[in-house]
Amino acid sequence: MPVIESSNDRLQFVDRFFTAEWDAATGALVRLSRTAGGGAIFNATAPVGLRLVVGGDPAENRVPEPVTAAGQPLLQSGSIVPFARPRPGEEPGRLVGADAVFDGSSIVDQGRDLAVTVYQQEAGWRFGLTLRFDRVAPLIGFDVRVQRVAAEAETLDWTFWHSSGWSFEPGIFDGVASDLGYGTARRLSSDGTALFWRARESHGDGEFAHWGPVQDSSLAQVMGQGVVAGKAASAAGDEVTLELYLGGPVESSVEFVGGGFLLGWSEHHDARAADVITTQLERAGTWAMPAIPAWAANCHIFETTIGRWPQTDGGMVFEPYPTTEDLVADLGRLHELGFDTIYLMPRHPFPSYTTASFTDLAVQYGDGAGEHDRFAALVAALHAHGMRIILDVVLHGVLDQGALDQQQARRLATVGAPQPSPQDWDMYERAHENAWRAVAPPLHPYWVEHPEWFTQLPDGRAQFTYTRALDLRHPGLQEFMISALVGHVMDAGIDGYRFDAPWWTERCYRWPGDAGYRPSWSVGAARELISRLYARIMAAGGSALSFMESCDSTTVGSAHVQYPYDEIPVLVPLMGRSATARDTRERLAYLRAVHAPGIVVAHWVDSHDSIMWPPPGRKWKRDLYGVGALRAATFLAAMRDGVFMMFSGGEADQEEWLQTLLRLRRELDVLRVGHCDELAIDTPDDDILPVLRDHGDEWLVAVSSWAEDARDVRLQLPARLIPAGAPLPRVFDHTNRERAITWSPETPGQLMLRLHPHESALIGPVQREGV
């Protein structure tokens, strides 16, 4: 059995893959390295252990965030919305851990891994960072253990670990990060690639962990504004903060355990680095929800809204369908374009992305109160066209005048703040405020009738994001929501749901002690709620799609389809010519590999999220990068595995092109059910992006040019597609049958063609004469 050894003021544990070292006096983790070769992953410049925020009430969410003496934010929330959370260094809470001393260690054989904990103690608290060393793969799980050893109980508000010295260097995966999803992959200055991601492996659906700032991209960059935030990594190291949303009253001798964050190492610097994540997801049983409806795996979704959506506080509005009748009148055109599913956002301008009602579909999505029959007519019309409807369910909360007052106070507090204000979010609030003020109730009925359904401060006041935050863990709320949503499927003909922001209230706890679980346990409840919902739908003999706004393995286990943010930071640099097609291929292949097994991904270029935040003139990808880049990106989205999605208005300037692509996705088996491989086709040109689609003996090559000039393109097919000695098949472009495509006379299996900037081709063999 391995042991923790002590020497030279250090405690050391040597594992098969990793070696960990702690400071012997304080118990703080100071170094993490690879056992073979000794390459450092983490090497602290000073001993830094866990920090606890204890003994105080959580702060209300507000701007500005507290700052250091140098005027820098004390801790970055990583969010455009300031969430409610305790803040170290602020009264009445206090910081525990700065003067901690070593207080023993333990090694627990957990079967698949060894859990090594080094404890610290200070001021009546005993706490430790547990490293779970996987016995099969180069993986470490991180957990936190907190225990009150003094006689009197005290409240744990929040836990974090902040240190420096992670030896990153620039590499191909820099920027492939998602605060909402699969963490980040960064090349190490020593060797290989370090991967960090959040997983529900050890503690089910409980508290979330968050690492930052490891990533280089902010949400502004994700949405195409070209803004880069965060600290650039270098060989000198980087700073890392682990935040664990673990809190509640702690009785003497009772240990709190939370965690679920993972670190992996790969010897590779390319897409093969994803193998370490794939291994963990498979071994942990992290799978997508089973029984996806047969129609949904490769459906074509058109996202839109009923009503009048304010886009700025200067009067710009988005109004694709003022009424349900307007949408009904356009269904023929949408069906002709190739769409088969309508994804309906909440009604605008109210409730917008809040919840007015889980039970009244007309209020939440249609023409308003009393218009149930009109909404039912929309559903009937969709089904008559052979189309389906999925509804966007807002999970984070409800809006009323009290919440609007809180928003306004927060914005006023932003004026003169020493750090940048969240102007994009301010714009969203200001654009909606007059409309919201006109119709929002003084207090939402759900809050009046069931305050226990909401996260609350210890004195009973509601917690907020920009809404009153729901406690999705509460059994009464779960039963109410499940009954309503099952009813819509079974009685109203709804074909599925898209769940908005399942992670949005991750820092909002339900502090009053009558919930039946510790306060912070509420933050991971979306997966539990949605899994129960779909079990109930199937038990009732129904079928529905679960479409999740998340890339995170803590939530995709309750989804059939995921709405990915992680692809957009890859597409945006490609469209803006700051990344090559070759690098983009590697990044897309990596992202495809780290998706949870069985999950279907919805690929999109423009969505409501991408047009919501930017200012006028920069909302659509066509505004930012031109129609050519838009068409090429649309082609790439249509050629990949899974669902194709487009936001209402995104079809402008490419209707005929869109119709062609979606028709081909329906007609060709190799597109409908085939496999996508971004790296199988070799090309010497860094500005050419080929993707192979194959299914059995059938294959297609989808290729697009991201060059600034016309190029003669050479595409080397893998040998398995062109059997030795077999005659070369005649090939043609499904999107342009006049295009000249030939086989190279010098290089076996190499296709040759010419592409102009942003031009695309879908190349396949002629299956029969006359085609």
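Residues numbered from 1 in each chain as written. Predicted model: local features only at pLDDT ≥ 70, side-chain atom pairs only at ≥ 80, totals over all residues. Heavy atoms only, no water.

1. Considering the overall build of the protein
A count of helical and extended segments in the protein gives 16 helices and 40 strands. Relative to its 771 residues, the protein shows a buried fraction of 62%. Of the roughly 26600 Å² of accessible surface on the protein, 51% is carried by carbon and sulfur atoms. (Helix = DSSP H or I, 4+ residues; strand = E, 2+ residues; numbered from the N terminus. Buried < 20%, exposed > 50% of the residue type's maximum accessible area, 1.4 Å probe, protein only. Areas by Shrake-Rupley, 256 points an atom, 1.4 Å probe, with all protein chains shown as cover.)

2. Quick word on helix α14 (residues 621-639)
Counted at 1.5 Å a residue, the expected span for α14 with its 19 residues is 27 Å, but the 19 Å between its end C-alpha atoms falls short. At Val627, α14 is bent by approximately 95°, the largest bend along its length. (Expected span 1.5 Å × (residues − 1). Bend = angle between axes of the 7 residues up to and from the residue.)

3. Some remarks on the packing of aromatic side chains
Enumeration according to the criterion identifies 31 aromatic pairs in this entry. When the centroid spacing of 6.0 Å and the interplanar angle of 5° are considered together, the rings of Phe358 and Tyr446 count as stacked. Of the two residues, Phe358 is situated in the loop between β24 (341-344) and α4 (361-365) and Tyr446 in helix α8 (residues 445-449); the sequence distance between them amounts to 88 residues. Through successive ring pairs, a cluster of aromatic residues spans Phe42, Trp161, Trp166, Phe168 and Phe196. One Lys or Arg, Arg126, reaches over the ring of Tyr119 and ends 3.8 Å from the middle of that ring. (Phe/Tyr/Trp six-rings, centres within 6.5 Å; stacked < 30°, edge-to-face > 60°. Lys NZ or Arg CZ within 6 Å of the ring centre and 35° of its normal.)

4. A few points about the pairing of strand β3 (residues 18-23)
Across the six residues of β3, six count as buried, placing the element largely inside the fold. Side chains of β3 alternate between two faces, with Phe18, Ala20 and Trp22 and Thr19, Glu21 and Asp23 buried alike. Where strand β2 (residues 10-14) hands over to β3, the hairpin turn is made up of three residues, counted between the paired strands. The pairing of β3 with strand β4 (residues 29-34) spans five bridges and is classified as antiparallel. The residue bridging Phe18 from the neighbouring strand is Arg34, located in β4. (Pairing = 2+ DSSP bridges.)

5. Points about helix α15 (residues 655-667)
With 13 residues, α15 extends 18 Å from end C-alpha to end C-alpha; this agrees with the ideal 18 Å at 1.5 Å per step. Tucked inside the fold, the buried residues of α15 contact β21 (300-304), α3 (324-337), α14, β32 (643-647), α16 (669-672) and β40 (760-765). (Contact = heavy atoms within 4.5 Å.)

6. Overview of the nonpolar core
In this structure, Phe375, Tyr497, Phe499, Phe547 and Tyr590 are the most contacted members of the largest nonpolar core, which totals 158 residues. It is α14 that contributes the most residues to this core, nine residues altogether. When neighbours within four sequence positions are excluded, Phe375 is seen to be in contact with Leu344, Leu361, Ala362, Tyr365, Gly366, Ile389, Leu391 and Ile494. Counting residues in each nonpolar core, the second largest holds 45 residues, with Phe42, Ala194, Val250 and Trp265 among its members. (Core = buried A, V, L, I, M, F, W, Y, C linked by side-chain atoms within 4.5 Å.)

7. Comments concerning the packing of helix α11 (residues 568-575) against α14
Relative to each other, α11 and α14 sit at 115°, their axes nearing to 10 Å. When the axis of α11 is compared with that of α14, the two are roughly perpendicular. Considering only the axes of α11 and α14, their crossing is right-handed. Counted together, Leu571, Val572, Leu574 and Met575 of α11 and Lys621, Tyr625, Ala629, Leu630, Ala633 and Leu636 of α14 form the full contact between these two elements. Counted by class, the contact of α11 with α14 contains nine nonpolar, no polar and one charged residues. (Axes fitted to C-alpha atoms, helices over the stretch in contact; angles between N-to-C directions. Parallel < 35°, antiparallel > 145°, perpendicular 65-115°, else oblique. Left-handed = near helix turned anticlockwise from the far one by under 90°. Nonpolar A, V, L, I, M, F, W, Y, C, P; charged D, E, K, R; others polar.)

8. Describing the pattern of salt bridges
As a working rule, side chains carrying opposite charge can pair if their charged atoms are close by. Going through the model one piece at a time under the given rule, you end up with 50 salt bridges. Between Glu319 and Arg308 there is a salt bridge, and its shortest N-O distance comes to 2.8 Å. Taken together, the positions of Glu319 in the loop between β23 (317-318) and α3 and Arg308 in the loop between β21 and β22 (309-310) put the pair eleven residues apart, joining distant regions of the chain. Looking at Glu319, the relative accessible area reads 35%, which means it is partly exposed. Looking at Arg308, the relative accessible area reads 43%, which means it is partly exposed. The residue Asp392 makes a salt bridge to Arg498 at a minimum N-O spacing of 3.1 Å. Placement of Asp392 in strand β25 (residues 388-394) and of Arg498 in strand β28 (residues 496-500) is noted, with a sequence separation of 106 residues between them. Residue class for Asp392 comes out buried when judged on its relative accessible area of 0%. (Salt bridge = Lys/Arg side-chain N within 4 Å of Asp/Glu carboxyl O.)

9. Focus: the environment of Arg31
Mapped onto the secondary structure, Arg31 falls in strand β4. Sequence spacing of Arg31 and Thr19 is twelve residues, and the spatial spacing of their C-alpha atoms is 8.1 Å. Those residues in contact with Arg31 that lie beyond four places of it in its chain are Arg10, Thr19, Ala20, Glu21, Gly38, Ala40, Phe42 and Asn43. There is a polar contact of 3.2 Å between the side chain of Arg31 and the backbone oxygen of Gly38. (Polar contact = N/O pair within 3.5 Å; in protein donor to acceptor, adjacent residues only side chain to side chain.)

10. Re the environment of Phe102
Summarising the element assignment, Phe102 is placed in strand β8 (residues 101-109). Separated by 17 residues in the primary sequence, Phe102 and Tyr119 have C-alpha atoms spaced 6.1 Å apart. Look past the residues within four positions of Phe102 in its chain and what remains in contact with it is Leu11, Ala24, Ala25, Thr26, Gly27, Val118 and Tyr119.

11. With respect to the sheet that holds strand β30 (residues 561-562)
Strand order around the closed barrel formed by eight strands is β21-β24-β25-β28-β29-β30-β31-β32, with parallel pairing between neighbours. Here β28 pairs with strand β29 (residues 545-548) via four bridges, running parallel. Residue pairing across strands places Arg498 opposite Phe547, the latter belonging to β29. Relative to β32, α15 is tilted by about 160°, and along the sheet it contacts β21 and β32.

12. Points about unusual backbone geometry
For the bond from His348 to Pro349, the omega torsion is 5°, close enough to zero to count as cis. One can find Pro349 in the loop between β24 and α4. The omega angle of the peptide bond from Phe350 to Pro351 is 15°, so this bond is cis rather than trans. Within the fold, Pro351 resides in the loop between β24 and α4. Of note in this structure, Asp9 is not a glycine but carries a positive phi near 65°. By secondary structure assignment, the location of Asp9 is in the loop between β1 (4-7) and β2. The backbone of His758 shows a phi angle near 65°, a positive value even though the residue is not glycine. Looking at where His758 falls in the secondary structure, it is placed in the loop between β39 (750-755) and β40.

13. Brief notes about the side chain of Thr341
Mapped onto the secondary structure, Thr341 falls in strand β24. With a relative accessible area of 0%, Thr341 lands in the buried category. The contact partners of Thr341, leaving out residues within four places of it in the chain, are Trp295, Cys299, His300, Ile301, Phe302, Met387, Arg388 and Ile390.

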